[in-house]
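Observations on the model geometry
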Amino acid sequence: MIKKTLTPLSMSLLMAGLLFGCNSDDNGEQASKANADMHFNRVASFAVCSQVGSSCESDDTTAAEIVAASGDGMTLIYSNSPKGGIGFVDITNPATPVALGHLDMGGEPTSVTVLGGYALVAVNTSADYVNTSGKLAVVDIATRTMVREIALPGQPDSVAVSKDGKYVAVVIENERDENLGDGAPPQAPAGSLVIVDSVGAPAAWTTRNVALTGIATLFPSDPEPEYVDINEDNIAVVTLQENNHIALVDLKTGTITAHFSAGVVSLNGIDKTDDRPGLISLVESLVDVKREPDGVSWISKTQFVTANEGDLNGGSRSFTVFNKDGSVAYDSGNALEHLMTRLGHYNDRRSDAKGNEPENAEFARFEGTDYLFVASERSSVVAVYDLSTQNSPIHKQTLPAGVGPEGVLTIPGRNLLVAASEEDERGGVVRSVVNIYQYQTARPQYPTLQSANRADGTPIPWSALSGLAAASNSTLYSINDSFYRANRIFEIDISQAPAQIKAEITIKDTANVLAGLAASLPDVKTATAFDDVDLAAMINADGSVNLDPEGIAMASNGGFWIASEGAGSITGEGGTTSAVSKANLLLRVDASGVIQEVVRLPDALDAVQLRFGFEGVTEADGKLVVAFQRAWNNEAHPRIGVFNLTTRTWQFMYYPLDQVVSPNGGWVGLSDISALGNNQFLVIERDNQGGPDARIKRLYRIDLTGKADGSTLNKVLIRDLIADLKAPGGNVPEKIEGLAVLPNGGVIIVNDNDGVEGGSGETQLIKLGNILN
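Residues numbered from 1 in each chain as written. Predicted model: local features only at pLDDT ≥ 70, side-chain atom pairs only at ≥ 80, totals over all residues. Heavy atoms only, no water.

**Side note on the overall build of the chain**
A tally of regular secondary structure across the chain gives 7 helices and 50 strands. The C-alpha radius of gyration of the chain comes to 28 Å, within 12% of the 28 Å expected for a compact globule of 773 residues. Oriented by its inertia axes, the alpha-carbon framework of the chain measures out at about 90 × 50 × 50 Å. Burial analysis of the chain (773 residues in total) assigns 61% to the buried set. Pairs at least 24 apart in sequence give 56% of the contacts found in the chain among residues at least 6 apart. Per element, the accessible surface of the chain, about 25800 Å² overall, is 48% carbon and sulfur. Within the chain, one finds 56 positive and 95 negative side-chain charges whose respective centroids are separated by 4 Å. (Helix = DSSP H or I, 4+ residues; strand = E, 2+ residues; numbered from the N terminus. Rg over C-alpha atoms; globule rule 2.2 N^0.38 Å. Buried < 20%, exposed > 50% of the residue type's maximum accessible area, 1.4 Å probe, protein only. Contact = heavy atoms within 4.5 Å. Areas by Shrake-Rupley, 256 points an atom, 1.4 Å probe, with all protein chains shown as cover. Lys, Arg positive; Asp, Glu negative; His and termini not counted. Charge placed at Lys NZ, Arg CZ, Asp CG, Glu CD.)

**Some details on the nonpolar core**
The biggest cluster of nonpolar side chains holds 23 residues, and the ones touching the most others in it are V305, F319, L336, L339, L372 and Y385. Of all the secondary-structure elements, those providing two or more residues to this core are β21 (303–307), β22 (319–323), α3 (335–342), β24 (358–366), β25 (369–376) and β26 (381–386). In terms of nonpolar packing, the next biggest core, distinct from the first, is built from 21 residues, I507, I539, I552 and V598 among them. (Core = buried A, V, L, I, M, F, W, Y, C linked by side-chain atoms within 4.5 Å.)

**Some thoughts on the environment of N487**
When you line up the elements, N487 lands in the loop between β33 (475–480) and β34 (488–493). Placed 61 residues apart in sequence, N487 and D548 show a C-alpha to C-alpha distance of 8.0 Å. Dropping the residues within four chain positions of it, N487 is found in contact with N480, D481, I505, T506, I507, V545, N546, L547 and P549. A distance of 2.6 Å separates the side chain of N487 from the backbone nitrogen of L547, its partner in a polar contact. (Polar contact = N/O pair within 3.5 Å; in protein donor to acceptor, adjacent residues only side chain to side chain.)

**Details of the environment of P186**
Checked against the element boundaries, P186 lands in the loop between β11 (167–172) and β12 (192–197). Residue class for P186 comes out exposed when judged on its relative accessible area of 52%.

**Side note on the sheet that holds β25**
Read across the open sheet, the 4 strands follow the order β24-β25-β26-β27; overall the sheet is antiparallel. Across the chains shown, the open sheet's two edge strands, defined by having one partner strand only, are β24 and β27 (394–400). With strand direction ignored, the average angle separating the axes of adjacent strands in the sheet is 20°. As defined by bridge partners, β24 adjoins β25 across 8 bridges and the pair is classed as antiparallel. Looking at the pairing, F363 lines up with L372 of β25. Seen against the sheet, α3 touches β24, β25, β26 and β27 and runs at an angle of roughly 120° to β26. (Pairing = 2+ DSSP bridges. Axes fitted to C-alpha atoms, helices over the stretch in contact; angles between N-to-C directions.)

**Examining unusual backbone geometry**
Residue P185 is joined to P186 through a cis peptide bond whose omega torsion reads 0°. Residue P277 follows R276 across a cis peptide bond; omega there is -5°. Within the secondary structure, P277 sits in the loop between β18 (264–270) and β19 (284–290). Of note in the backbone geometry, N415 takes a positive phi value of approximately 55° without being a glycine. Relative to the assigned elements, N415 resides in the loop between β28 (405–411) and β29 (416–421).

**Focus: α3**
Most of α3 is tucked away, with 6 of its 8 residues classed as buried. Looking only at α3, the buried set comprises L336, E337, H338, L339, M340 and T341. Taken from the residues just after α3, G344 is the one with a positive phi, measuring 75°.

**Focus on the packing of aromatic side chains**
Aromatic ring pairs: the centre-centre distance and the angle between the two ring planes describe each pair. One pass over the structure, following the stated rule, counts 24 aromatic pairs. Put simply, the rings of F614, F628, W632, F643, W650 and F652 pair up and form one aromatic cluster. A cation over a ring is seen here: R639 above F652, with NZ or CZ 5.0 Å from the ring centre. Between K715 and the ring centre of Y700, over which it is positioned, the NZ or CZ distance is 4.3 Å. (Phe/Tyr/Trp six-rings, centres within 6.5 Å; stacked < 30°, edge-to-face > 60°. Lys NZ or Arg CZ within 6 Å of the ring centre and 35° of its normal.)

**Observations regarding the side chain of D693**
Mapped onto the secondary structure, D693 falls in the loop between β45 (680–687) and β46 (697–703). Ignoring sequence-local partners within four residues, the contact set of D693 consists of C56, R426, S662, P663, N664 and D687.

**As for the pairing of strand β7 (residues 118–124)**
The buried fraction of β7 amounts to 6 of the 7 residues, a majority that puts the element mostly inside the structure. Looking at chain direction, strand β6 (residues 108–115) and β7 are connected through 7 bridges and run antiparallel. For P109, the partnering residue across the bridge sits in β7 and is V123. Here β6 hands over to β7 after 2 residues, with G116 in that stretch at a positive phi of 60°. When β7 meets strand β8 (residues 134–140), the two strands line up antiparallel, connected through 7 bridges. Paired with N124 across the strands is G134, a residue of β8.

**Overview of the sheet that holds β29**
The sheet built from 4 strands is open, its strands ordered β1-β30-β29-β28 with antiparallel pairing. In this open sheet, the two strands that pair with only one neighbour each are β1 (38–47) and β28. The mean inter-strand angle of the sheet, taken between neighbouring strand axes irrespective of direction, is 20°. Where β1 and strand β30 (residues 433–441) come together, 9 bridges link them in antiparallel fashion. Within the sheet, the bridge partner assigned to H39 lies in β30 and is Q440.

**Remarks on the pattern of salt bridges**
For the structure on display, the rule yields 34 salt bridges. Here R176 ties to E224 by a salt bridge, and the two come within 4.0 Å at their closest N and O atoms. One end of the pair, R176, is in the loop between β11 and β12; the other, E224, is in the loop between β13 (206–211) and β14 (225–230), and 48 residues separate them in sequence. Looking at E224, the relative accessible area reads 1%, which means it is buried. A salt bridge links R488 to E504; its shortest N-O distance comes to 2.5 Å. Of the two residues, R488 is situated in strand β34 and E504 in strand β35 (residues 499–506); the sequence distance between them amounts to 16 residues. Shared partners join several salt bridges into a network, and the residues in it are R176, E178, E224, E242 and D311. (Salt bridge = Lys/Arg side-chain N within 4 Å of Asp/Glu carboxyl O.)

**Description of the state of the cysteines**
Taken as a whole and assessed by the stated rule, the structure comprises 1 disulfide. Each disulfide pairs two cysteine sulfurs, and for C49 the partner residue is C56, the sulfurs being separated by 1.9 Å. Across the S-S bond linking C49 and C56, the dihedral sits near 95°, which makes this disulfide right-handed. Here C49 and C56 have matching classes, each one buried. (Disulfide = S-S within 2.5 Å.)

**Some points on the confidence of the model for the chain**
In the predicted model, the chain carries a mean pLDDT of 92, and 92% of its residues have values of at least 70. Across residues 1–25 the pLDDT falls below 50, and counting only partners more than four positions away or on other chains, this stretch makes 120 contacts in the model. (pLDDT = per-residue confidence, 0-100.)

Encoded structure:
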């Protein structure tokens, strides 16, 4: 469920003709004009956990779901459902937001908006799904005290204020119990719309209730209104998501002036299968899927936009521009799905459900240009569209958000955009954030990487990058890890901004090298064997392979070396014992991706294999040098393995890791490795923490000159990466897993976004420059 707010500052700008409308005929103002020089860029990310403790060291679950702003645009107010209250944030300087405190609401806040000096908070006080109740809390923003509580006839969801301040519309959703029977409607009590006549002081405000029963074809006795927005004529548009219906309500008279089905959409060129391991395949179709809209926003007096998230059996993965009579002026079709794929933000785990799940839509005019903002819940981004051409939204840019963006707020008077993301799980390295973006004369800072099209016109799917290798000063290669099957190598052009994945190479065993290795091993489950089931899982019918590529290096004789991490543990963490399904392997592949040879660890080392094995590989001076992520077999340190390509023998040294210093505990390990010449190497050392808990993201130099087998290495700190990772304005990513040193000495890093599973999907490809001298 999502809700939207409009601040009094925005209201005054509307009345001054500075903000509203993409049609000059509607509003008597100049038409929107595209501005190619200005873009939105993130300037800050406020961690909601800092309201609990400034250092975010509490495990308490917090959230920012819906966000509003004070009349001067200097204070944010957000609903925090898990903590049962609202939070306040000082954004006088938007780049350095400051926590101002929390106010308990005596229930579950579901939405917030602002009218004058008051924050209006919809609060759910229901005992259960049948005995529903709620209230509209009126809070003085300056003193952060409760002024009045207005009883509501059920469980509220969205709340909106009219532009002239005369009316407040509150959606009474009375959401269904999804665990009752099959979870489908109808389930009493029915939802409705409450109108608050808000002229004068809050003590004088009165309410009216508008019934919404009997208008929808689907479940007419059980309307579940989800979201409301109000235009300049004081007409409220209300989405009834589960009913796949939309209603227009005249707030002055309290009458329904129109209602209609949200309709259905047929989609081609999408992925509707949840493959495990993942495989993004944009070749499937959906026929007549219900839109089931969630968020809605007027873009003029006569048009509004819906975000078609879906709930029951619907969800068209799109947004739609509707005319006031219910006709469709524009539908984005599969465009959002393709956009998320191009940016590495497509969540394949949601392919069989509702794809990227557009959650919310917001509209505003910034410096003469009309913009639409669409928040994708499952891809964790805000897509920005220029509405200067009527009925033809043009994608302008995409902004990274926290996990699960819900509330989107515009503050045009300060050139600010705000997105609140509600997901928060410290143990899962996810913290709820309020992201702040500024409209500025600058190029977009995100994405840092996107893909070109395949021959069929669809974008090259990518995500979960792990490992980097430099072929030249303008070309990198990367790989995806075991989140996906049919592993691929990606060619990246870094001479442009953003960098572009221009080609993909599927790793294949068509020469039967891997199959031959597996066939030569005993057909028993031991630490050094593949059994028939494991082989079937590793090699697909088309010859592509399902490995866990974690490192990549340019091979001196052409092609690439790939480091594939093992996937089993023997007396591993927690004292469990299990069979090894994949050993740690080094694979040489040619330029077309065909496996030419496979290098295994010595049998004795394979026999004590744990998880956290090969993480990076590089070739130098006739040797392969491999970084193990963590220590095995109760050893004190992880290994650096050196394989001599001439003698075909291994040598091992030990790398001393830094001690764990994160307040959230965890571990520290190695990621990628890159050769520097003269037997020196650059390595990534990182902890498994992100956001406020991240402490160790470092580059160290090691020297293997004269080091004997079994010796412990010395290391020299080259760069603490925390400041670099904070520079993009978001949470510090956990997994810095790719490292490349260019021929000119430049250093580049990239994070693994884990296939957008449980995280925001944000990928930061960062050029550090020449930091080695």
